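Working through the structure, step by step
Residue strings, one per chain:
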Amino acid sequence: MSTSCVSFRSEFDNDYAVDSRGSFEKISRQNRRPQYRRSSTPPGSVNGIHRRRSSRWNWGHGRSAQVQNLRAFARCALAAFTAFWATAASAGVVSVNVQFGSATTMDFVPVGNPGNVGRAIASGTFGAVAHLYNIGKSEVTNNEYVTFLNAVAASDPLGLYNGSMSSNFTGGITRSGSSGSFTYSVKSPTAGNQPVNWVSVYDAARYTNWLHNGAPTSVAPGSVNSIINSGAYTLANVANPGTALVRNAGALAFLPTRNEWYKAAYYSQSLNSGIGGYYTYASGTNAAPTVSTNPLDTATNVGFYGQSSATVPMIADGLANTDSAYGAIGMLGNVSEWLEDSTATQAYWIGGWYNMPVTSLNSQNSNAFAGALQSSMNQTGAQGFRVAAVPEPSTLMLAALGLMTVGGGAFARKRKVRAAASLAA
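Residues numbered from 1 in each chain as written. Predicted model: local features only at pLDDT ≥ 70, side-chain atom pairs only at ≥ 80, totals over all residues. Heavy atoms only, no water.

**A word on the overall build of the protein chain**
Defined as follows: Each helix corresponds to a stretch of at least 4 residues labelled H or I by DSSP, and each strand to a stretch of at least 2 residues labelled E; elements are numbered beginning at the N terminus. Burial classification: accessible surface area is computed with a 1.4 Å probe over protein chains only, and a residue below 20% of its type maximum counts as buried, one above 50% as exposed, and the rest as partly exposed. Note on contacts: a residue pair qualifies if any of its non-hydrogen atoms lie within 4.5 Å across the two residues. Residue exposure ignores everything except the shown protein chains as possible cover, and the areas themselves are Shrake-Rupley values with a 1.4 Å probe.
Within the protein chain, the regular secondary structure consists of 10 helices and 19 strands. Here the protein chain holds 425 residues, and 46% of them are scored as buried. Within the protein chain, residue pairs in contact and separated by at least 24 positions form 64% of the contacts whose partners lie at least 6 positions apart. Within the structure as shown, the protein chain displays about 18900 Å² of accessible surface, and the carbon and sulfur contribution to it stands at 53%.

**Some points on the side chain of Asn134**
For clarity, the threshold we go by: Counted as a polar contact is a pair of N or O atoms within 3.5 Å, where, for protein atoms, one must be capable of donating a hydrogen and the other of accepting one, and residues adjacent in sequence contribute only when both atoms are in side chains.
Within the secondary structure, Asn134 sits in strand β7 (residues 133-136). Classification of Asn134 as buried rests on a relative accessible area of 0%. A distance of 3.4 Å separates a polar atom in the side chain of Asn134 from the backbone oxygen of Val390.

**Focus: helix α9 (residues 258-266)**
Counting buried positions over the nine residues of α9 gives eight, a clear majority of the element. What α9 keeps buried is the set Arg258, Glu260, Trp261, Tyr262, Lys263, Ala264, Ala265 and Tyr266.

**With respect to the packing of aromatic side chains**
Worth spelling out the cut-off: Only centres within 6.5 Å qualify two rings of Phe, Tyr or Trp (six-membered ring in Trp) as a pair; their planes then separate them into stacked at under 30 degrees, edge-to-face at over 60, and tilted for everything else.
Overall, the coordinates contain 15 aromatic pairs when judged by the stated rule. Pairing Phe148 with Tyr207 gives two aromatic rings, centres 5.3 Å apart and planes at 75°, and the pair type is edge-to-face. One end of the pair, Phe148, is in helix α4 (residues 142-152); the other, Tyr207, is in helix α7 (residues 201-212), with 59 residues separating them in the sequence. Each of the two residues, Phe148 as well as Tyr207, counts as buried. With a centroid separation of 5.5 Å and an interplanar angle of 55°, the aromatic rings of Tyr161 and Tyr184 are classed as tilted.

**Structural notes on the packing of α4 against α7**
The relative placement of two packed helices comes down to the angle between their axes together with the axis-to-axis distance. Operational definition: Axes, fitted as lines to C-alpha atoms, cover a helix only where it is in contact. Angles between the N-to-C directions of the axes lie from 0 to 180 degrees. For this classification, under 35 degrees means roughly parallel, over 145 means roughly antiparallel, 65 to 115 means roughly perpendicular, and everything else is oblique. Note on residue categories: nonpolar means Ala, Val, Leu, Ile, Met, Phe, Trp, Tyr, Cys or Pro, charged means Asp, Glu, Lys or Arg, and polar means any other residue, Gly included.
Close contact between α4 and α7 brings their axes to 11 Å; oriented N to C, the two are set at 75°. As judged from the angle between their axes, α4 and α7 are roughly perpendicular. Across the interface between the two elements, Glu144, Tyr145, Thr147, Phe148, Ala151 and Val152 from α4 touch Asp203, Arg206, Tyr207 and Trp210 from α7. Class assignment for the residues of the contact of α4 with α7 results in six nonpolar, one polar and three charged.

**Focus on empty space enclosed by the protein**
Any space left empty among the atoms is revealed by the rolling of a water-sized probe across them. The test is simple: Cavities and pockets were defined on a 1 Å grid built over protein atoms only: a cavity is a set of grid points that admits a 1.4 Å probe from which the probe cannot escape, a pocket is an open set flanked by protein on both sides within 12 Å along at least five of seven lines, and lining residues are those with an atom within 4 Å of any such point. Grid points are joined across faces, edges and corners, and a volume is the space filled by probe spheres set on the points.
A complete count under the given rule lists two cavities of 30 Å³ or more for this structure. Its boundaries defined by the atoms lining it, the largest cavity holds a volume of some 110 Å³. Taken together, 15 residues line the largest cavity, and the ones lying closest to its centre are Phe304, Gly318, Leu319, Gly330 and Gly333. For the lining of the largest cavity, the class distribution of residues is nine nonpolar, six polar and no charged.

**Digging into the side chain of Lys263**
Here is the rule: Note that His is not counted, nor are the chain ends; the positive residues are Lys and Arg, and the negative ones are Asp and Glu. Salt bridges are counted wherever a side-chain nitrogen of Lys or Arg sits within 4 Å of a carboxyl oxygen of Asp or Glu.
Inspection of the secondary structure puts Lys263 in helix α9. For the buried residue Lys263, which engages in no salt bridge, the nearest side chain bearing the opposite charge is Glu260, 9.4 Å off. Among the polar contacts made by the side chain of Lys263, one reaches the main-chain carbonyl oxygen of Asn113 at a distance of 2.8 Å. Not counting residues within four places of it along the chain, the set of residues in contact with Lys263 comprises Val111, Gly112, Asn113, Pro114, Asn116, Gly127, Val129, Tyr133 and Tyr326.

Spelled out as structure tokens, the structure:
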């Protein structure tokens, strides 16, 4: 039981008493209150302390007592919720469906175990993260990016759409109409579920700004700049701002850093007898994976890599049985992913892609898995991105919190009955 819960119970026991009728009253109030209504001769028996005619038991009478007890219970619930969240996240058993605005939802997995130790490889030490966060369960898809384009790119002066998305066989998005009335759609249902590619790191950052601002499905032309150039990141209103990405305080959705991505891909608290450690591959294993081209493959330790240059990305949530220890999918291959780490002209990408050789998938590879710098405006069929976000309770977590609240109330009611019976005996 958490310290907050113990403190709450101790405060409750020290400050409150119960009479045989089951009424709770703060002891300080009892001491200055008569036990019966009149100062004349008392009745033959007095059944407990004086009780207000309209009193209602709520862990003490009066606003001050109510506030104190609600705060104590809130501390208890928060402590229990945080412990539950961190434990479930470390086991990779929780999936969080987060809604941005009224129409956009995305699946995330929580990454717990804050304060973990990083892993030293040839190009540095990576994976140490001091905070809790969520990371996208899969890469951002063409379907999700189309919703973004239709909301903010009717004119598209910032080049959020790349013509290769349509003309190149690896792309999955087409554009119709003329500037001011552009509309966007996916090439096919299958393409809609493939990861978006042909995007720059600034395109990806503007997508997270849109999420941060509520992911509106229709934005007036005069409001587009404020929606896509502010929020998680502050960007100049040009296609290539030429600045490093700096995460703003209070950002709700953002690109992961190298450390956040590396931890979500390789770290597991269960390794080394609970001390924690890193797997060699992003499928939760130290053994080299084998190739699979079937998105419905139920085998373990496979990945989508080592393909020819004439290959298109696999659907983003394929090969779900080969996810990382935290539950993220596709970190072993498919497309490489843009990261927040950047300079004025270059940004880091990380992870394998569909035609990467298996020798480059090892987590100690200094280029692919510590991140490699490329031009921040680079756009290819092998690059997409994954979104990270601040922790939010999932339906499962809210249900657990609700059960704790109901259980706490039931516990208090049972204590009340037991105490009353004891005093009446």
